[in-house]
Amino acid sequence: WAFKYNQGSKGIKLHVDDALLNLNFWVVPDTANKNSSSGGMIVYLKEPPTGFDLRTYNSQRETNVDLDAFVASAPSIVIPYRQNRVVMFKSSLLHATDEHDFSTGYENRRVSITLLFGKRSR
């Protein structure tokens, strides 16, 4: 799937994906990103407990109160936005869109493309 973000949007909140491997890449030129140290994604090096229900975890995306507490002490990797950068990680790691501020104009909207591979073990 692909997401084309409106300027000022928050992006995709903390979640996991129902796959073994997640591959993300971004296609808009770096010049559209007003802050070169952000705009990409955050991957937390923590997975939900064994046997977690994907729907339960992802249904909390509106508030993320429980998920935020769950990852509060977890190490994370902030991946800054770069055009054509590929980010690949285990889909069951909690992850979210990083804060982003892109220039105005349709051609400058942040575009994230996600491909999922395999089936996660249950």
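One numbering rule holds for all chains: residues counted from 1, following each sequence as written. The model is predicted, so local features are restricted to residues of pLDDT at least 70 and side-chain atom pairs to those at 80 or more, both for listing and for counting; the totals for chains, interfaces and linings are taken over all residues. Hydrogens and waters are ignored; side-chain quantities use all the structure's heavy atoms.

Caption draft 1: Structural detail: the overall build of the protein chain. In DSSP terms, a helix is any run of H or I states spanning at least four residues, a strand is any run of E spanning at least two, and both are numbered starting from the N terminus. Tallying secondary structure elements over the protein chain gives two helices and seven strands in all. Helices (α) and strands (β) of the protein chain occur, in sequence order from the N terminus, as β-β-β-α-α-β-β-β-β. Only the C-alpha atoms count toward the radius of gyration. The rule for a globule is 2.2 Å times the residue count to the power 0.38. For 122 residues, the compact-globule estimate of 2.2 N^0.38 gives 14 Å, and the C-alpha radius of gyration of the protein chain, at 14 Å, lies within 12% of that figure. By principal-axis analysis of the C-alpha atoms, the protein chain measures approximately 45 × 30 × 25 Å. Evaluated residue by residue, the protein chain yields a buried proportion of 41% over its 122 residues. Accessible areas in this description were obtained via Shrake-Rupley with a 1.4 Å probe; residue shielding takes into account the shown protein chains only. Surface accessibility of the protein chain: about 7000 Å² in total, with carbon and sulfur atoms responsible for 53%. Relative accessible area decides the class of each residue, using a 1.4 Å probe on protein chains only: under 20% of the type maximum gives buried, over 50% gives exposed, and in between gives partly exposed.

Caption draft 2: Fine view of the sheet that holds strand β2 (residues 21–26). Strands are labelled as partners when DSSP assigns at least two bridges between them. Judged by pairing direction, the sheet is antiparallel, and its four strands sit side by side in the order β1-β7-β2-β5 without closing on themselves. The two strands at the open ends of the sheet, each matched to only one other strand, are β1 (2–4) and β5 (86–90). Each neighbouring strand pair of the sheet contributes to a mean axis angle of 20°, computed without reference to strand direction. Here β1 pairs with strand β7 (residues 111–117) via three bridges, running antiparallel. In the sheet register, alanine 2 faces β7, and the bridge partner there is isoleucine 113. The axes used here are C-alpha line fits, helices contributing only the stretch in contact, and every angle between their N-to-C directions lies in the interval 0 to 180 degrees.

Caption draft 3: Highlighting the sheet that holds strand β6 (residues 95–97). Spatially, the three strands line up as an open sheet ordered β4-β3-β6, and their pairing is antiparallel. Single-partner strands in this sheet number two, and they are β4 (76–79) and β6. Going from strand to strand, the sheet's axes swing by 15° on average, the running direction of each strand aside. Note: strand β3 (residues 41–44) against β6, three bridges, orientation antiparallel. When the sheet's bridge partners are listed, valine 43 is paired in β6 with histidine 95.

Caption draft 4: View of the environment of asparagine 33. Note on placement: asparagine 33 falls in the loop between β2 and β3. Exposure remark for asparagine 33: the relative accessible area of 10% places this residue in the buried category. Asparagine 33 sits 63 residues away from alanine 96 along the chain, and the two C-alpha atoms are 18 Å apart. Not counting chain neighbours up to four residues away, the residues in contact with asparagine 33 comprise Ser38, Gly39, Tyr81, Asp101 and Phe102. Here asparagine 35 takes part through its backbone oxygen, which lies 3.1 Å from a polar atom of the side chain of asparagine 33. Pairs of N or O atoms within 3.5 Å make up the polar contacts considered here, provided that, within protein, one atom can donate a hydrogen while the other can accept it, and that residues adjacent in sequence are counted only when both atoms are side-chain atoms. In this structure the side chain of asparagine 33 is engaged in a polar contact, spanning 3.1 Å, whose partner is the backbone oxygen of serine 38. By the convention used here, residues are in contact when the closest approach between their heavy atoms is within 4.5 Å.

Caption draft 5: Structural view of unusual backbone geometry. Of note in this structure, asparagine 84 is not a glycine but carries a positive phi near 65°. Locating asparagine 84 in the fold gives a position in the loop between β4 and β5. Among the residues examined, asparagine 84 registers a relative accessible area of 55% and is labelled exposed.

Purely spatial values, then, with no claim about function.
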